[in-house]
Each structure stands twice: as structure tokens, then as C-alpha cells.
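# Examination of the molecular architecture
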Amino acid sequence: MLRLILICLFFCPTIRAALAQDTIIVLTNKRFGPNALNLGDNVNIGHLGWVYKPGHNPAWASTELNTSDWTKKAPDSFSAQDADANGKAEGWFRRRLRIDSTFNLLPLGLASEGWAASEVYINGKLVAEFGSTGARGKPYAEYRSYSYFNSPLPVQLEAGKDYLIAMHMVDYVAPLLPFAPKKLKSEVFNNIHTILLLCRPQQMADRFIKATRLNAGFLTLWLTVSLLLALLFWFLSIQQLPEKNIIRLWAIVETLLVIMTLCGFSNLVAISFTFLYVTYAISMLAQWLILSLCMMAFLRIFGYGIPNKWLRVSVVASLGLGILDIYFDSKAVLFSAGCICLQLVFIYVIIISWKRLKGAQWAIVVGLGFSVLFAAFVSVVTLTKTNSIVFSNVLVAYILQSGLLLSLPLSFLVYLVLRFKETLAEVQINAAAVVLVTEEKRALLADQNERLEQQVEARTTELKASQAQLIQKEKLASLGELTAGIAHEIQNPLNFVNNFSEVSTELIDELEDELDKGDTDEAKAIAGDIRQNLQKIHHHGGRASSIVKGMLEHSRTESGEKRPTDLNALADEYLKIAYHGLRAKNQSFNCELVTNFDPTPEPVNVAPQEIGRVLLNLYNNAFYAVHEQGARCKGQGMTYQPRIDVSTQRSELGVEIRVKDNGTGIPESVKAKIFQPFFTTKPTGEGTGLGLSLSYDIITKGHNGTLTVMSKKGEGTEFVITLPV
């Protein structure tokens, strides 16, 4: 991918000639565009009129050699047809060349972008060696043209003077490839077409470094986002959610995107051709699997019940198409056609489902719209081989690829958030309905106690079933708030990553300007700034990763399994999640958070998920209370500062966790009822009345502890959790 972008940057118009060796080709800088080499571009001289002879003889570099029996053939037409039975292709190319005065005062160099090993002689003298042909006492070594450390080799050429260029080339048929006919390693990625370049060494090296750093920056961004989304989706997929099967599909998709991005780094480290090709094949198979899994997830989101057997068939088919794509070396044409077919399926399903689309499904439609736009543009350019001015801009090309890679995963994340909000709304409506029914039944029982005595047992059973259902939905609603908080926490480091990436791009432009001016001191200073930015990108990426890792740590055990836990860290973590979850819904809300944790904590054997659910409920109630108190004080023209205090300490009975607020407080008349199921002081539709009841059961029945409350109306409330050691 990086090499294709570099060709767009560096490749300039060249000329073809099938002339005899005695004919001298005169190169003029003007023939390659205004000030071509002054801009740092290169001149491809690998297809100018050459003569060729297979085999090897060191004397063929001589200027006095008679080449009447040589055939007309250029280095860029070197192919597997020139290979022997052992797969080795070896031969010599010769050409006479002259440069005119337009090249005066320009430092020149030779570069190669092929895997073939080669030696370049000018007037019988060796001036450049790419890899090792094995003919000079050293073993054969392919030229790793993708290596970050390969720089153009300087040569001295004088204007108006004739030069004989002789080139000894050795290449091998590519291993591991089932192509028929076979291909040389330099043919596989089209490097043979840029096998010999005349360039300005420093400018070409600078542009290669710039493009490499840009490539590394975007790959790091894609890897960070994909890894965070993969961890988040895997975490959600193990929860008891209605959409867990769809979430699992997206977790697999994000994992495959992580693998693809890691394979993309192979362009930077390219140890060997085999290594590069294996990563290319893995990436290609991952792309086909992503197409298949995206289609299955999309259909399920829109209500089409696709059986698992069809999912397996789709996976097998995509693997088969990926193998065919690799086998026939379609240059992404087959994959682009697959993308277009998949987009047509998406559009068709959206059209036939248009009237019944609702709620969170529109997030997927929007994401698909952006994905179709990006993918269609990239596919058309790939299929038509168009060298558009847009794609000659490396940064724009990476931005388009970023949109293609991230539009669907991010839209699915938005879909999940909206689904959790819808689930919470359904829970609140159902809870209000159940509360209303319960109150009506209580009044009916009071008036008709004797007549309905026989129905008490049946009604009690019905109420218990409803209560169990509400408890489950309350847990789902808590999970929705937890997810919103996590998403808000992750957004901050991702913003830093984006900002520092943009600043680094601008600094690279400044670095190029300073290098052109020859101001190395300023260039080093700018390079130091770029290094600091990359360190900050790494730091904030690690910060976002640690957030998700922390949540995964709590999800590794069953919800009822107890293990040694740091209560300080648990209380602090859920306090931040609850606060950011509320801030995500109401950005105007602010509250002072004060923590006073035991300085010498010892792990306590508890179920972290259960205690976390209790803390989340207490924090949410505290935030609700201070929010209501703030609204009252504002209406009365009074100054009020919301505050939540959380502390831990050892006591004679065990470990205490205290959650205190300066909110509305609880009246004495209702304090004794707050742990009863379905009892709530919130307005209808804003509470189920199950949060504190569940919390009380978790502490008292699940952990043999106590949960008490101290409150005074108008001054605040304090809940105290005591857990035995």
C-alpha cells in the first residue's frame, strides 16, 4: 500500500524506445515536466531502449563489447520466461545514455524498487549494487526495496558526456505462489516497472521518509481504534444482551481489522518477499471474511433471521473467494467487485425495509451511506486504474481509507448506544405500568379480601415472575449507563490521538521546508516535536486501552464469583463511569467529586461485578439528588455547589464504603421503605423502585454485609456499606 502511494508521488512520464545500443538517448530534464528533478521526482530509465543477453559474464560490462548478437529487451520486461529450470532468471542489459545541460548542478542518484538483485556499471565501473547477485564472492540476497533504510545511491554524471550503462540482474520465481504462468518476485507487486530510477537522492529519501511516517501514523490510529472497539465489543458480547450475537459478529470483524492493520505494518519492516506476501495473503483473506460477516450482521440488525448454517456457508464462500483472489492475483479487481455487489445488497435491503426502519437502525443506515460513498470511490479508481489528482495526495488517500475502515464500526457503536437508551425507556415504561397495576391490586385486595383469598397464591406467583423480569431489565439498564460512561471515557484519549496526528502532519510539512532550505538545526527541532507528538499519541492510546482492559478484568468471572478485590480502585472506577455517563446525557451537569480512600487498603473477597452494580446505583441516586437540589436552589435564587463524597475505611465490623451527597435528602416518613421493591421517591417514569432493593439484597444476602442510610431532608444523604473481612 505504501509503495503504491509512493509511485503516485514519484512516478513521472517516461519514454519508450526500442533502439540499437549504438543509438544514444539524450535525457533532458525538460522532457519530464517543468523542473522535474528540481521537485524531487524520479526518472524511470528501466524501459528506455536496451539490449539484453541471458547468462552472466563480467566482461559484458566492458565499453568495448560487441553486442550485435544481443536482443532488444528492457529491464522492466524481465519476466519468469527468462528463468531456468531452477527458477533463476539472470542476464545483462546495456544502453548508451547522455544527459544535457538541464541537469547541471543537480545531484543525481540511482534507486531501485524491485526485489531483483542487480549491479549497475557506468563505463565499465561498478557504481551501484542493489542486493547481491552472488557473482562477486557474496551469496545471493534479494533487494528489499520496501526497507525503510534503503536510500538512493549517488552517481556522478556530466552533461554532454556519453555513458554506457550495463546492468546485471538476478531474480527468482516467486515462492509460495500458485500463479500460472509463474512470476518473478519483482513482477508480483509490479515492482519490475520501476526497477531502475534516476533521481535526486536526498529529495527522494525525504519523500519516502515522510510517506513512511504518515503511513505509520495512520496505521497506529487504525490499530488503536480497531483494538479498542474490538475489546469493547467482545466485552459486550459476553453480557446477557438481546443483541449479543450481532455484537459478537462485530467483535470478530474488529478483530479481523486489527489483524489487517498489523499486516499493513509489514510494508515498514518487509524482512523478505515471503514475509511480505504471507502478510498480504492473510490481509486478503481477512478482507473477504469482513465482507461476509458485515453482510450477516447487517441483515440481522434489520430483522432478517439468518440461520447459523447460512453464516457458516457465507464464511466458507468468502474464504474460497479470497483464495481465488490470491490465486489469480486479480490486483484487487475481484475484491472491488465483491464490495460493489455487497453495497448493492445493502442498498436493496434498505429500500425494501425503508418503511419499517426505526430508532437505532438509522445509525446503521447513515454509516452504510458513508461507507458506500467511500468504498464506491475507491473501487471505481481501483477498477479503472485511474491516477486521479485526488489519489496523488497521500494524506487525502489515507483519509478516504480511514473513512472506509471506520464508518461502519463507529456507526454500530452509535447503534448500540441508541439501543441501550431504547431498552432503558422500555424498562421505565414497563416498571411504571407494573407499579400502577400493583397499586390497583392492593386496593382491590383491601375491599375484596374474603372473596379473592383463593387467588392470592396465583397472584403472588405472577408478581414474582414480573419482579424477576424487572430485575433483569434493571440490570440491562445499568449496563447501558455503564457503556455510555465507558464510551465517553474512551472519547477523550481518542480526541488527543486525532489532534496530535493533525499537528504531526503539519510539522512534517514544516520539516520538509526546513530541509529544502538546508536548516538542519530547525529540522532537528521539528523532528523532536514530531517524536514528542508520537509519544503522546502512544500515551493516550495506552490510556484508552487501559480503560477497556479494566472493564474486561471485571467481566472475566461469573457475576456471583468472589475474588480478592481492591475496593478503592473499584469505588473510584465506577464513580468516574457514573459521572461521565450522566455527563454524556446532560453536558451542563457539573459536580464536585471528593474521595477519601483508606491509604493502606487490603484486598477484600467480594464479587466485583455485584459490588460495582451497587456502587453504580448509589452514585446515580446521589447525582439525581444533587441535580434536583440544584434545580430547587436555582429556582429560589440561591447559590448551590453539588458535591459527592466517597470514602473507604476499616472498622471493627469490616470494611466500610460511604457515599455521601448534599442533595435533597430523604424524609423520615419514607426512609424505612426505600429498600422495599418498587418503592421510589422519583416521579413516575424516572425510576423503577428496584435499584436499592437489588443493592440491599446483594450486600446483605450475597456478601453477609449491611447497607444503611442516614439522611436529613434538605441537607443530604449518606449510604454506608459494611462488608465483613
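Going by the structure above, here's the rest.
A few points on the structure. Keep in mind it's a predicted model, so treat the numbers as computed, not measured.

### Considerations on the pairing of strand β7 (residues 117-122)
By the criterion of burial, β7 is predominantly enclosed, with six of the six residues buried. Sheet analysis places β7 next to strand β10 (residues 162-172), joined by six bridges and oriented antiparallel. The residue of β10 that forms the bridge with S118 is M169. Relative to strand β8 (residues 125-130), β7 is paired through five bridges, and the arrangement is antiparallel.

### With respect to the sheet that holds strand β18 (residues 716-723)
One open sheet accounts for five strands, arranged β13-β15-β16-β18-β17; its pairing is mixed. Looking at strand neighbours, the two that pair on one side only are β13 (592-596) and β17 (706-712), the edges of this open sheet. Strand-to-strand twist in this sheet, taken as the mean axis angle between neighbours without regard to direction, amounts to 15 degrees. Direction of pairing for β13 relative to strand β15 (residues 643-651): parallel, over a ladder of five bridges. Its bridge partner being in β15, E592 is matched across the sheet by R643. In the packing of helix α13 (residues 567-585) onto the sheet, contacts are made with β13, β15, β16 (654-661) and β18, and the angle to β13 comes to roughly 175 degrees. Helix α16 (residues 691-702) rests against β17 and β18 of the sheet, and its axis sits at about 135 degrees to β17.

### Some details on helix α7 (residues 308-328)
Relative to the 30 Å expected for 21 residues at 1.5 Å per residue, α7 spans 30 Å between its end C-alpha atoms, a close match to the ideal helical length. Every buried residue of α7 is listed here: L311, S314, S318, G322, D325 and I326. Down the axis of α7, the sector holding all buried residues measures 105 degrees, keeping them to one side. For α7, the exposed residues set more than 90 degrees away from the buried face come down to K309, R312, V316, I323 and F328.

### Some thoughts on helix α3 (residues 201-237)
Its 37 residues place the ends of α3 53 Å apart at the C-alpha level, agreeing with the 54 Å of an ideal helix rising 1.5 Å per residue. Burial within α3 is extensive, with 27 of its 37 residues counted as buried.

### Some words on the packing of aromatic side chains
Applying the stated criterion to the full structure yields 22 aromatic pairs. Each ring, one from Y140 and one from Y172, has its centre 4.9 Å from the other, and the planes form 65 degrees; the classification is edge-to-face. In this pair, Y140 sits in the loop between β8 and β9 (153-155) while Y172 sits in strand β10, placing the two residues 32 residues apart along the sequence. Looking at Y140, the relative accessible area reads 26%, which means it is partly exposed. For Y172, a relative accessible area of 26% puts it in the partly exposed group. Through a chain of ring-to-ring contacts, the aromatic side chains of W115, F273, Y277 and Y280 assemble into a single cluster.

### What to know about the side chain of K73
With respect to the helices and strands, the residue K73 is situated in the loop between β4 (71-72) and β5 (88-99). At 3.5 Å, the side chain of K73 forms a polar contact with the side chain of D82. Setting aside anything within four residues of it in sequence, one finds K73 in contact with W50, V51, Y52, F78, D82 and F93.

### Describing the pattern of salt bridges
According to the stated counting rule, one finds 20 salt bridges in the structure shown. R643 is the salt-bridge partner of D645, the closest N and O atoms lying 2.9 Å from each other. Of the charged contacts, one joins R658 and E718 as a salt bridge, the two residues approaching to 3.1 Å between their closest N and O atoms. Of this pair, R658 sits in strand β16 while E718 sits in strand β18; the two residues are 60 residues apart in sequence, bridging distant segments of the chain. The partly exposed category is assigned to R658, whose relative accessible area is 22%. The buried category is assigned to E718, whose relative accessible area is 16%. Three or more residues joined by partner-sharing salt bridges are found here, namely E129, R136 and K138.

### Notes on a nonpolar patch on the surface
Residues L321, L324, Y327, F328 and L334 make up a contiguous nonpolar surface patch of about 440 Å² in total accessible area. With four residues, α7 is the single largest residue contributor to the nonpolar patch. The topology assignment puts L321 in helix α7. Accessibility expressed as a relative area gives 34% for L321, which makes it partly exposed.

### Looking at the nonpolar core
Membership of the largest hydrophobic core comes to 72 residues, with the highest contact counts inside it found for F233, W250, F298 and F412. If you tally residues by element for this core, the top one is helix α6 (residues 273-301), at 17 residues. Leave out the neighbours within four places in its chain, and F412 touches F233, I246, I247, W250, I301 and I364. With 37 residues, the next largest nonpolar core counts Y579, F589, I611 and L707 among its residues.

### Thoughts on the side chain of K185
For K185, the location among the structural elements is in helix α2 (residues 185-188). We classify K185 as buried; its relative accessible area is 7%. Looking at K185, its side chain comes within polar contact range of the side chain of E142, at 2.6 Å. For K185, the contacting residues outside a window of four places in its chain are W115, Y140, E142, D171, Y172, V173, A174, P175 and F273.

### Considerations on the pairing of β15
A regular strand places its side chains on the two faces of the sheet in alternate fashion. Here β15 pairs with β16 via eight bridges, running antiparallel. Within β16, the position partnered with T648 by the bridge is I657. Where β15 hands over to β16, the hairpin turn is made up of two residues, counted between the paired strands.

### Some words on the packing of α13 against helix α14 (residues 608-635)
If you want to describe how two helices pack, look at the angle between their axes and the distance between the axes. Remark: α13 packs on α14, axes separated minimally by 9 Å, with the N-to-C direction vectors making an angle of 45 degrees. The angle between α13 and α14 places the two elements in the oblique class. Judged by the sense of rotation from one axis to the other, the crossing of α13 with α14 is right-handed. On the side of α13, the interface is formed by L570, A571, Y574, L575, A578, Y579 and L582, while α14 contributes P608, I611, G612, L615, L616, Y619, N620 and F623. Partitioning the contact of α13 with α14 into residue classes produces 13 nonpolar, two polar and no charged.

### Let's talk about unusual backbone geometry
Most of the time, phi is negative for any residue but glycine, and the peptide bond is trans. Of note, N123 is a non-glycine position whose phi angle comes to about 55 degrees, a positive value. Following the sequence through the fold, N123 ends up in the loop between β7 and β8.

Cut-offs applied
- Residues numbered from 1 in each chain as written.
- Predicted model: local features only at pLDDT ≥ 70, side-chain atom pairs only at ≥ 80, totals over all residues.
- Heavy atoms only, no water.
- Buried < 20%, exposed > 50% of the residue type's maximum accessible area, 1.4 Å probe, protein only.
- Helix = DSSP H or I, 4+ residues; strand = E, 2+ residues; numbered from the N terminus.
- Pairing = 2+ DSSP bridges.
- Axes fitted to C-alpha atoms, helices over the stretch in contact; angles between N-to-C directions.
- Contact = heavy atoms within 4.5 Å.
- Expected span 1.5 Å × (residues − 1).
- Arc of directions from axis to C-beta.
- Phe/Tyr/Trp six-rings, centres within 6.5 Å; stacked < 30°, edge-to-face > 60°.
- Polar contact = N/O pair within 3.5 Å; in protein donor to acceptor, adjacent residues only side chain to side chain.
- Salt bridge = Lys/Arg side-chain N within 4 Å of Asp/Glu carboxyl O.
- Patch = residues over 30% accessible without salt bridge, like charges linked within 9 Å, V, L, I, M, F, W, Y side chains within 5 Å.
- Areas by Shrake-Rupley, 256 points an atom, 1.4 Å probe, with all protein chains shown as cover.
- Core = buried A, V, L, I, M, F, W, Y, C linked by side-chain atoms within 4.5 Å.
- Parallel < 35°, antiparallel > 145°, perpendicular 65-115°, else oblique.
- Left-handed = near helix turned anticlockwise from the far one by under 90°.
- Nonpolar A, V, L, I, M, F, W, Y, C, P; charged D, E, K, R; others polar.

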